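What follows is each chain in one-letter form.
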Amino acid sequence: PSSDCVVAEQLCLSDSTCNATYRTLENCALAKTHLFPLDHDSRVRCLNAELDLGNSSLLHCKCHRRMKRQEHCLRIFWTVHSSMTDGYFNLETSPYENPANEEHWKTDYNKLAALVSGENCSQLAGDATNPCLRATHVCNLSKKCFRLRTDYASICTKGAGSEDVCDRRKCHRGLRNFFEKVPDDFTKRILFCPCQDEFCGERRRKTIVPDCSFQYNTKPNCLWLLDSCLEDHICKSRLADFQQNCQPVDMSPDGCSLQNHAVCLQAYMGMIGTPMTPNYVSNSSVEVSLWCTCENSGNQKEKCDQILGMFESNKCL
């Protein structure tokens, strides 16, 4: 199994040759982060340093979505793979461990769902026709799900509807916390609940409190959104994960190149709470999009359309 990047870094730093190579790569990554143009010699030196790692565990290490030092782990991954992002937004490979290799939580979802079904129907009016409402009731019976959902809801609604602007960064952190720390049994049902009417669809669309987490006063250009994502280790990593796991292909039964739609949905959830947070575009469909536009993209219009198309017309998703 791939080693954890934090462990791999410690092993590398204890070896003088690996340490020197790694320090070179850190300088290369730093230059890229600050957008310093590298001359030809520097680019060659950076590429050679990456090749010098050879079969070191650092070159093949991965991170876990729910690990404690996730940002530190992702910084190590992108330090070692900084040459991947040269001149194009396709990030090629995900820094995250394959979900199949990660530990799966045992949850009490079915037990709690049975409790909700057994409750007085008049208390849950509309429950049968509103799966989103039902999923929320089940979440409320789980202490962890209820606490983390309440946390992000309160942060993301502060200032909404008044002159105060909500704290989008805190709102995004709260959303990431919810989707990382609450088992998929709960989060997937809340986010992807199947709706038959607009009332249910509106509840689903508002799951992530879009006034704060999704919408700006005006739609920014999608290229600006991408730039702000690539400057953030978590967003860049989630985007790489999304690109790898939601790659559309016509010949596949589920439209996914990896033929694993569930992993694509998990990668989509990973984008929520980043600068490239997606959401449902209306309360009457399951179409999703980014909050951005490709108007005024000049000669980068094609690239901009590709970014938007990853969400708007992705057969796998």
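Residues numbered from 1 in each chain as written. Predicted model: local features only at pLDDT ≥ 70, side-chain atom pairs only at ≥ 80, totals over all residues. Heavy atoms only, no water.

Caption draft 1: Here's a closer look at the environment of Ala267. With respect to the helices and strands, Ala267 occurs in helix α14 (residues 261–271). The class of Ala267 is buried, set by a relative accessible area of 2%. Distance in space between the C-alpha atoms of Ala267 and Leu317 is 9.7 Å, their sequence separation being 50 residues. In contact with Ala267, other than residues within four places in its own chain, are Asp241, Phe242, Asn245 and Cys246. (Helix = DSSP H or I, 4+ residues; strand = E, 2+ residues; numbered from the N terminus. Buried < 20%, exposed > 50% of the residue type's maximum accessible area, 1.4 Å probe, protein only. Contact = heavy atoms within 4.5 Å.)

Caption draft 2: Just the side chain of Ser213, in detail. In this structure, Ser213 sits in helix α11 (residues 210–213). Separated by 2.6 Å, the side chain of Ser213 and the backbone oxygen of Ile208 make a polar contact. Apart from residues lying up to four places away in sequence, Ser213 is in contact with Arg168, Cys171, His172, Leu175, Ile208 and Thr277. (Polar contact = N/O pair within 3.5 Å; in protein donor to acceptor, adjacent residues only side chain to side chain.)

Caption draft 3: Quick peek at the nonpolar core. In this structure, Phe178, Phe179, Phe242, Met276, Leu290, Ile307 and Phe311 are the most contacted members of the largest nonpolar core, which totals 53 residues. In this view, Phe242 contacts Gln247, Ala267, Tyr268, Met271, Met310, Phe311, Asn314 and Leu317; residues no more than four positions away in its chain are not counted. Listed in part, the 23 residues of the second largest apolar core include Cys18, Ala49, Leu58 and Ile234. (Core = buried A, V, L, I, M, F, W, Y, C linked by side-chain atoms within 4.5 Å.)

Caption draft 4: Looking closely at the pattern of salt bridges. Using the criterion set out here, one finds 10 salt bridges in the structure. Notably, a salt bridge pairs Arg23 with Glu26, separated by 2.8 Å at the nearest N-O pair. Of this pair, Arg23 and Glu26 both sit in helix α2 (residues 16–33), 3 residues apart, roughly one helical turn. For Arg205, the salt bridge is made with Glu202, and the minimal N-O distance between the two is 3.3 Å. Note that Arg205 and Glu202 are positioned in helix α10 (residues 198–205) at a spacing of 3 residues, about one turn of the helix. (Salt bridge = Lys/Arg side-chain N within 4 Å of Asp/Glu carboxyl O.)

Caption draft 5: The side chain of His172, seen in detail. Mapped onto the elements, His172 comes out in helix α8 (residues 168–181). One polar contact links the side chain of His172 to the main-chain carbonyl oxygen of Ser213, over a distance of 2.8 Å. Those residues in contact with His172 that sit more than four places away from it in its chain are Ser213, Gly273, Thr274, Pro275 and Thr277.

Caption draft 6: Molecular detail of unusual backbone geometry. Phi angles above zero are rare outside glycine, and Val209 is one such case at about 50 degrees. For Val209, the location among the structural elements is in the loop between α10 and α11. If you check the backbone angles, Asn296 has positive phi at about 55 degrees while not being a glycine. Looking at the element boundaries, Asn296 is found in the loop between β2 (288–290) and α15 (301–312).

Caption draft 7: Highlighting the confidence of the model for the protein. The pLDDT averaged across the protein works out to 85; a share of 86% of its residues lies at or above 70. Here residues 120–126 is a poorly scored stretch, pLDDT under 50, and it has 4 contacts once near neighbours within four places are set aside; other chains count. (pLDDT = per-residue confidence, 0-100.)

Caption draft 8: Fine view of the packing of aromatic side chains. Evaluation of the coordinates by the stated rule reveals 7 aromatic pairs. Relative to Trp291, the ring of Phe214 has its centre 5.6 Å away and its plane inclined at 65 degrees; by these criteria the two rings are edge-to-face. A residue pair is termed long-range when its members are at least 10 positions apart, and Phe214 in the loop between α11 and α12 (222–230) and Trp291 in the loop between β2 and α15 qualify at 77 residues. Accessibility expressed as a relative area gives 7% for Phe214, which makes it buried. A relative accessible area of 19% places Trp291 in the buried class. Taken together through their ring pairs, the aromatic side chains of Tyr152, Phe178 and Phe179 make up a single cluster. Of note, Arg204 hangs over the ring of Tyr280, and the distance from its end group to the ring centre comes to 4.7 Å. (Phe/Tyr/Trp six-rings, centres within 6.5 Å; stacked < 30°, edge-to-face > 60°. Lys NZ or Arg CZ within 6 Å of the ring centre and 35° of its normal.)

Caption draft 9: Up close: the environment of Ile272. As for its position among the elements, Ile272 is in the loop between α14 and β1 (278–280). The buried category is assigned to Ile272, whose relative accessible area is 1%. Each C-alpha atom, one on Ile272 and one on Phe179, is 8.2 Å from the other, the two residues being 93 residues apart in sequence. In contact with Ile272, not counting residues within four places along its chain, are Leu175, Arg176, Phe179, Leu191, Ile208, Thr277 and Pro278.

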